[in-house]
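The chain contents come next:
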Amino acid sequence: MRHFVIVALLIAVLTPLIYVGLDASHVMPIEASAQAVPVDWMWNMDMGAIAFLFALVMVPLIYALIVFRRRKGESGDAEPGTDSKTLEVTWTVIPLVLVTVFAYLGAYSLGETRLVAPNAMEIGVTAHQWDWSFTYPGGFTSNELHLPVNRQVLLKMQSLDVIHSFWVPEFRVKQDVVPGRTTDLRITPTRTGDYQVRCAELCGASHTYMIRSVIVSSEATYQAWVKDQTAAAAALLAQGGPAAGQAFVVQSGCAACHSLDGSKLTGPTWRGLFGSRVTLSDGTTVTADEAYLTESILDPNAKVVRGFQAGIMPKFALTDDQVKFVVAYLETLK
Ligand code: CUA
């Protein structure tokens, strides 16, 4: 009995010490969203449980190793223990209760991270190998994610190729971006500052570099940025020509599949494409003129180039003007 009391006391003392030690390691970055609050709360509960379980295993183990060690002159075996129903029922029921409680708390926290705010702003997220682009309510696109503080944003996310995963550690929540469907993620930033979105799903050679800036600012600063971007997008459209086309190509991430140096990637190279004779998968040939290129941008599967697969390139939602400028840009790539 004396041994049990000592072990219980040691566990009671060690548990808070381990918890404080784990907490001091600061493995979590700062908490920058409303959704991070329930996640961190849950995390702290887990750390408490882990500290207790660690003490529960290690204290009796080390205590037994020291106190019941073989002393000088001892040679016999220890007396075998006998079955204990009470012990077995105890170590079955207590973990069962704990796991059930944690399952409930986990489900509750998950619900908290998905609460819908009525004034949520919708931003489109496009992921592809290996970049992010963001489409704002005004219709313009940027490679930076700008968010006003204290307003919920609903991210509508699509992938152009493989599975990616949207993750800003400071916001805690994470969501896969899956080709062929739209996934949702709700974030309410609560701290202004500069963060980074990174891809959290191994998606190929440059997965590690699939990083873009996330800027959380005041509502006024955000609105000013939107105004600038809207004006810049309008100016680009008004300017037209190859320069505008190049800008749309960059925004759409076309370079991930189409090289400018003649090398073969997922799609045909653009170098010297305009005006060339292209052999299609059915053996016929076609001249890469304005009509062919326009059709291939709007309906990529209409004519598939020999040596390439159909169904790989998505249909890009570009306006007639934008397509015209992109074709004008392709014409410049000799
Ligand atoms: Cu995209 Cu990893």
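Residues numbered from 1 in each chain as written. Predicted model: local features only at pLDDT ≥ 70, side-chain atom pairs only at ≥ 80, totals over all residues. Heavy atoms only, no water.

(A) Representation of the domain arrangement of the protein within the structure. For the protein, the domain assignment lists domain 1 (2–67 + 85–113), domain 2 (121–234) and domain 3 (240–331). Distance from the C-alpha centre of domain 1 to the C-alpha centre of domain 3: 57 Å. (Domains from an automatic or database assignment.)

(B) Geometry of the pairing of strand β10 (residues 211–217). Of the strand pairs in this sheet, strand β4 (residues 145–148) and β10 are connected by four bridges, and their pairing is parallel. If you follow Leu145 over to β10, its bridge partner there is Val214. Both strand β9 (residues 193–199) and β10 contribute to a ladder of six bridges, which runs antiparallel. The residue of β10 that forms the bridge with Arg198 is Ile211. (Pairing = 2+ DSSP bridges. Helix = DSSP H or I, 4+ residues; strand = E, 2+ residues; numbered from the N terminus.)

(C) Quick peek at the sheet that holds strand β7 (residues 174–177). Spatially, five strands are ordered β4-β10-β9-β6-β7 in an open sheet, and the strand pairing comes out mixed. Single-partner strands in this sheet number two, and they are β4 and β7. Averaged over all neighbouring strand pairs, the angle between strand axes comes to 25 degrees, with direction disregarded. Bridging between strand β6 (residues 164–167) and β9 involves two bridges; their strand directions are antiparallel. Along β9, the bridge assignment pairs Phe166 with Cys199. On top of the sheet, helix α4 (residues 219–239) reaches β4 and β10; it is set at about 140 degrees to β4, its chief contact. (Axes fitted to C-alpha atoms, helices over the stretch in contact; angles between N-to-C directions. Contact = heavy atoms within 4.5 Å.)

(D) Molecular detail of a nonpolar patch on the surface. There is a patch of nonpolar side chains on the surface, built from Met1, Phe4, Val5 and Leu9 and spanning about 510 Å² of accessible area. Of note, Val5 is situated in helix α1 (residues 2–24). (Patch = residues over 30% accessible without salt bridge, like charges linked within 9 Å, V, L, I, M, F, W, Y side chains within 5 Å. Areas by Shrake-Rupley, 256 points an atom, 1.4 Å probe, with all protein chains shown as cover. Salt bridge = Lys/Arg side-chain N within 4 Å of Asp/Glu carboxyl O.)

(E) Examining the side chain of Thr269 more closely. Note on placement: Thr269 falls in the loop between α5 (241–252) and β11 (277–279). Look at Thr269 and you get buried, because its relative accessible area is 18%. Of note is the side chain of Thr269, whose polar atom sits 3.1 Å from the backbone nitrogen of Gly262. Of the polar contacts made by the side chain of Thr269, one reaches the backbone nitrogen of Arg271; its length is 3.3 Å. The residues touching Thr269, leaving out its near neighbours within four places in the chain, are Ser259, Leu260, Asp261, Gly262 and Ser263. (Buried < 20%, exposed > 50% of the residue type's maximum accessible area, 1.4 Å probe, protein only. Polar contact = N/O pair within 3.5 Å; in protein donor to acceptor, adjacent residues only side chain to side chain.)

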